[in-house]
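# Summary of structural features
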Amino acid sequence: MARSRRQRWSRRPRLVLVVLVLASISLITLDVRGGGHGDINRVKTWASDAFDPLRSAVDDLTQPVAGFFAGAFEASSVKNTNALLREQIGSLEEQLDQQSDLQRRIQVLESLYDLRFPNEIPEVVADVIDLGTSDFAESIDIDKGTSSGVDVGMPVVSGQGLMGIVAEASRNEATVQLVTDPDLSVSVRYGPSGNTAVVAGQGAGRPLSVDYVPPRTPVTQGEPLTTSGLANGLFPPGIPDARMSSSSSSSGSAQEVVTATPIADLTNPQYVAVFEWEPQP
């Protein structure tokens, strides 16, 4: 008995819904045929009032679901858009990096073709293809050799100053001994009167030593040292080699203890110029 009553109550909302739907269809038909008669309008008003709770309940159920799907689609769209923007930004940043690197390379090459120091000597511009892989303690390899006019003993420079000297040369490549190599010494001039000294390498990461500076000689930090070009010297005159970095003296010493730093950037060179020059007797 109780079960039958529950079944009747469970069927009642559905029956009411069917009746309301049929009533709405009938009202629409009468409205179209009757042109909106007053009695019909009153019935329509009653039907609308009856439907409002049902419509509100349906809206309450469907709006959260619709909002969820709309939000999900919107979040997915935003996520895809952000990913696309990040990709485009990454591409633009890569292009800017490439452009900056290309501009820097152009500036380096221009500095080599327009050297401010001895530019009457023919030169061969070369790419640096390897750093410190030879038997020398401090060296680089370049992509020009004897077939391009590069030979052992020729000076090698960057746009700033002296890099070193060609120590080995094959047909298409050469090895350059850097000024920081302990086995390389360079005769230089310094000061207003053009005093001479000798700059020698002491290995990677260490300052150059400057020998034969007389005791109590005034030394200015940052003062340039340029190749002397003395007879039988390894380098032509006037190439910037280093800058004074420190000096000290001790009683009874035959010379000042002076150090210097290379003018050329030896850490990551990309291009160099080889002077086609041989020592003059």
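The structure displayed is predicted, hence computed values, not measured ones. (Residues numbered from 1 in each chain as written. Predicted model: local features only at pLDDT ≥ 70, side-chain atom pairs only at ≥ 80, totals over all residues. Heavy atoms only, no water.)

## A few points about the overall build of the protein
- A count of helical and extended segments in the protein gives 2 helices and 12 strands.
- Tracing the protein from N to C terminus, the helices and strands come up as α-α-β-β-β-β-β-β-β-β-β-β-β-β.
- The long-range share in the protein, meaning contacts at least 24 apart out of those at least 6 apart in sequence, stands at 57%.
- Accessible surface, the protein as shown: approximately 17,500 Å² in total, 55% of it carbon and sulfur. (Helix = DSSP H or I, 4+ residues; strand = E, 2+ residues; numbered from the N terminus. Contact = heavy atoms within 4.5 Å. Areas by Shrake-Rupley, 256 points an atom, 1.4 Å probe, with all protein chains shown as cover.)

## Considerations on the sheet that holds strand β1 (residues 123–131)
- The antiparallel closed barrel is built from 6 strands, whose spatial order is β1-β2-β5-β4-β3-β12. On average, each strand axis in the sheet is inclined to that of its neighbour by 45 degrees, with strand direction left out of account. (Pairing = 2+ DSSP bridges. Axes fitted to C-alpha atoms, helices over the stretch in contact; angles between N-to-C directions.)

## What about the sheet that holds strand β7 (residues 195–200)?
- The 6 strands are arranged β6-β7-β8-β11-β10-β9 in a closed barrel whose pairing can be described as antiparallel. Put simply, the sheet's adjacent strands are angled 40 degrees from each other on average, direction ignored.
- Bridge count between strand β6 (residues 185–190) and β7: 6 bridges; the pairing is antiparallel. Following the sheet pairing, Val 188 is matched in β7 by Ala 197.

## A look at the pairing of strand β12 (residues 271–275)
- Most of β12 sits out of view: 5 of its 5 residues are buried.
- Residues Tyr 271, Ala 273 and Phe 275 of β12 are buried on one face, and the alternating residues Val 272 and Val 274, pointing to the opposite face, are buried as well.
- Across 5 bridges, the pairing between β1 and β12 is antiparallel. From the neighbouring strand, Val 124 faces β12, where its bridge partner is Val 274.
- Pairing of strand β3 (residues 155–157) with β12, which is carried by 2 bridges, proceeds in the antiparallel orientation. Counterpart to Val 157 in the pairing with β12 is Ala 273. (Buried < 20%, exposed > 50% of the residue type's maximum accessible area, 1.4 Å probe, protein only.)

## Details of the nonpolar core
- Counting residues in each nonpolar core, the largest one holds 47 residues, and the members touching the most others are Ile 142 and Leu 225.
- It is β12 that provides the largest number of residues to this core, a total of 5 residues.
- Every residue in contact with Ile 142, bar those within four places of it in the chain, is listed here: Ala 126, Asp 127, Val 128, Ile 129, Asn 172, Glu 173, Ala 174, Val 176, Val 272 and Val 274. (Core = buried A, V, L, I, M, F, W, Y, C linked by side-chain atoms within 4.5 Å.)

## Let's talk about the pattern of salt bridges
- Applying the stated rule across the entire model yields 1 salt bridge.
- Across the pair Asp 143 and Lys 144 runs a salt bridge, and its minimum N-O distance is 3.6 Å. (Salt bridge = Lys/Arg side-chain N within 4 Å of Asp/Glu carboxyl O.)

## Some details on the pairing of β1
- Of the strand pairs in this sheet, β1 and strand β2 (residues 139–142) are connected by 3 bridges, and their pairing is antiparallel. Bridging across to β2, Asp 130 finds its partner in Asp 141.

## So, the confidence of the model for the protein
- When pLDDT is averaged across the protein, the result is 77; 65% of the residues are at 70 or more.
- Low pLDDT (under 50) marks residues 1–11, which in the prediction has 0 contacts with non-local residues, meaning those over four places away or in another chain.
- Per-residue pLDDT stays below 50 along residues 30–36; that stretch engages in 5 contacts with residues further than four places along the chain or on separate chains. (pLDDT = per-residue confidence, 0-100.)

## Some words on unusual backbone geometry
- Phi at Tyr 212 is positive, roughly 70 degrees, even though this residue is not glycine.
- Relative to the assigned elements, Tyr 212 resides in the loop between β8 (208–211) and β9 (224–227).
- Residue classification places Tyr 212 among the exposed positions, given a relative accessible area of 59%.
- Of note in this structure, Arg 216 is not a glycine but carries a positive phi near 60 degrees.
- Among the structural elements, Arg 216 can be located in the loop between β8 and β9.

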